[in-house]
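Each chain is listed here by its residues.
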Amino acid sequence: MSVARSVPTRPLTRRGPGLRVRLTLLATGLVAAVSALLLWLGWMLVGNVVAGVPRLPAGGLVRLGDVAVPAEHLGAALRSSAREQVLVVGGLAFVAVVLAAAVLAWTVTGRVLRPLHEVTDSARRLSAESLDERITLSGPRDEVAELADTFDAMLDRLQTAFDSQRRFVANASHELRTPLSVIRTELDVTLADPEADAAELRRMAAVLREAAARAERLVESLLLLARTDGAELADRERVDLNEVATRARRGVEAEAQARSVRITCHGEPAFVLGDPALLERVAGNLLENAVRHNVDGGWVEVETTPTGPSALLRVSSSGPLIDLDQVDALFDPFRRAGVQRTARTGAGLGLSIVRAAVIAHGGRVTARPVEGGGLTVTVELPTF
């Protein structure tokens, strides 16, 4: 049983004031600047208007409030008094407007950014064991809601990837444990027998060699799948699928003859751009599966067809009955058609490697059951 280890996380450090504070300061600063400009314009206009008062003859006194002002200075006194009142009243209004703008901006930004805090809290709670949590944000379908929906969709993809990885690791561990168990059992049984002779030791060595070869093939397949799955092709060459299929046929002829399986190849040259080694592995895996998961005295048909912007490689074979709803699962790692998962005929990675290699070439692979038993796998690859 595996024990999950917690991964240490670095403490979160804030890089300056938060978004809510910055938006509030920005909105308050804009309101303060506009209010100050209006106050200055009012102060200027009032002074200019009062400056237009007609001048009175000199020598008299005019009472302005509680102060007696010479008649010739009445305009200047009125302008000074009006500007002073504008500054007092306008200053109070300026402070009130700025404070109201700050409170309003703080409240509105808090409401607007609340969904972002929910996204942040969900991201902090997430781990490999809690990927089933979702935000499911309700309310108006604005940009924040779109962000939350995108985050939920990303979590769906991550959960699918993690589940697939767990299944793959569990299956790979089981497959590797089988040959190792065989090796350990043979060693324990033979070493516990004090009368084991050379013939018994040779038999044990043959069993160990077969188990080690199986483990080696499994490791090679796992490495090939890891290098191919989701990778981009570094080099592309012009490859004829017909020639690739012919070479793959020669590689399985001995096994096919041993089981009286008839292989028929027909078609015409079908050129694609791709990695020759990977394409040979695709054809080889398809033909190996077609022969190994066939019935004695069965048949295999290989066809290559150019179809304009793409080329087809189709491998059909007889074999056991396969339900239509189980066909897609055959491309999952460690799944075999018509045999037990722990069978010795292969690692169960053939079609998984085929799918990964085809996707790396920008193509697609499909499968359908054959009436009466068997399977047809079609690979479609772009020609340029």
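Calculation criteria
Residues numbered from 1 in each chain as written. Predicted model: local features only at pLDDT ≥ 70, side-chain atom pairs only at ≥ 80, totals over all residues. Heavy atoms only, no water. Salt bridge = Lys/Arg side-chain N within 4 Å of Asp/Glu carboxyl O. Helix = DSSP H or I, 4+ residues; strand = E, 2+ residues; numbered from the N terminus. Buried < 20%, exposed > 50% of the residue type's maximum accessible area, 1.4 Å probe, protein only. Expected span 1.5 Å × (residues − 1). Polar contact = N/O pair within 3.5 Å; in protein donor to acceptor, adjacent residues only side chain to side chain. Axes fitted to C-alpha atoms, helices over the stretch in contact; angles between N-to-C directions. Parallel < 35°, antiparallel > 145°, perpendicular 65-115°, else oblique. Left-handed = near helix turned anticlockwise from the far one by under 90°. Contact = heavy atoms within 4.5 Å. Nonpolar A, V, L, I, M, F, W, Y, C, P; charged D, E, K, R; others polar.

1. Here's the deal with the pattern of salt bridges
Counted under the stated rule, the structure contains nine salt bridges. Between Glu186 and Arg203 there is a salt bridge; the shortest N-O distance is 2.9 Å. Of this pair, Glu186 sits in helix 3 (residues 143–192) while Arg203 sits in helix 4 (residues 198–228), and the two are 17 residues apart along the sequence. By relative accessible area, Glu186 is classed as buried at 16%. Note that Glu255 and Arg292 form a salt bridge whose closest N and O atoms lie 3.5 Å from each other. In this pair, Glu255 is assigned in helix 5 (residues 241–258) and Arg292 in helix 6 (residues 276–292), connecting sequence segments 37 residues apart. Among the ionic contacts, a cluster of salt bridges with common partners joins Glu186, Glu200 and Arg203.

2. Points about helix 6
Taking 1.5 Å per residue, 17 residues should reach 24 Å; helix 6 reaches 24 Å between its end C-alpha atoms and fits that length. Considered for burial, the residues of helix 6 that qualify are Leu278, Leu279, Val282, Ala283, Gly284, Asn285, Leu286, Leu287, Ala290 and Val291. Between a side-chain oxygen at the N-terminus of helix 6 and the backbone nitrogen of Ala277 the separation is 3.0 Å; the capping residue is Asp275.

3. So, unusual backbone geometry
Non-glycine residue Ser260 carries a positive phi angle of around 60 degrees. In this fold, Ser260 is placed in the loop between helix 5 and strand 4 (262–267).

4. Comments concerning the packing of helix 6 against helix 7 (residues 350–360)
Think of two packed helices as two axes; the pair is described by the angle between the axes and how far apart they sit. For the pair helix 6 and helix 7, interaxial distance at closest approach is 9 Å and the crossing angle is 150 degrees. As the angle between them shows, helix 6 and helix 7 are arranged roughly antiparallel. Considering the relative orientation of helix 6 and helix 7, their crossing is left-handed. Contacts between helix 6 and helix 7 pair Leu278, Arg281, Val282, Asn285, Leu286 and Asn289 from the former with Gly350, Leu351, Ile353, Val354, Ala357 and Val358 from the latter. Per-class residue counts for the contact of helix 6 with helix 7 are eight nonpolar, three polar and one charged.

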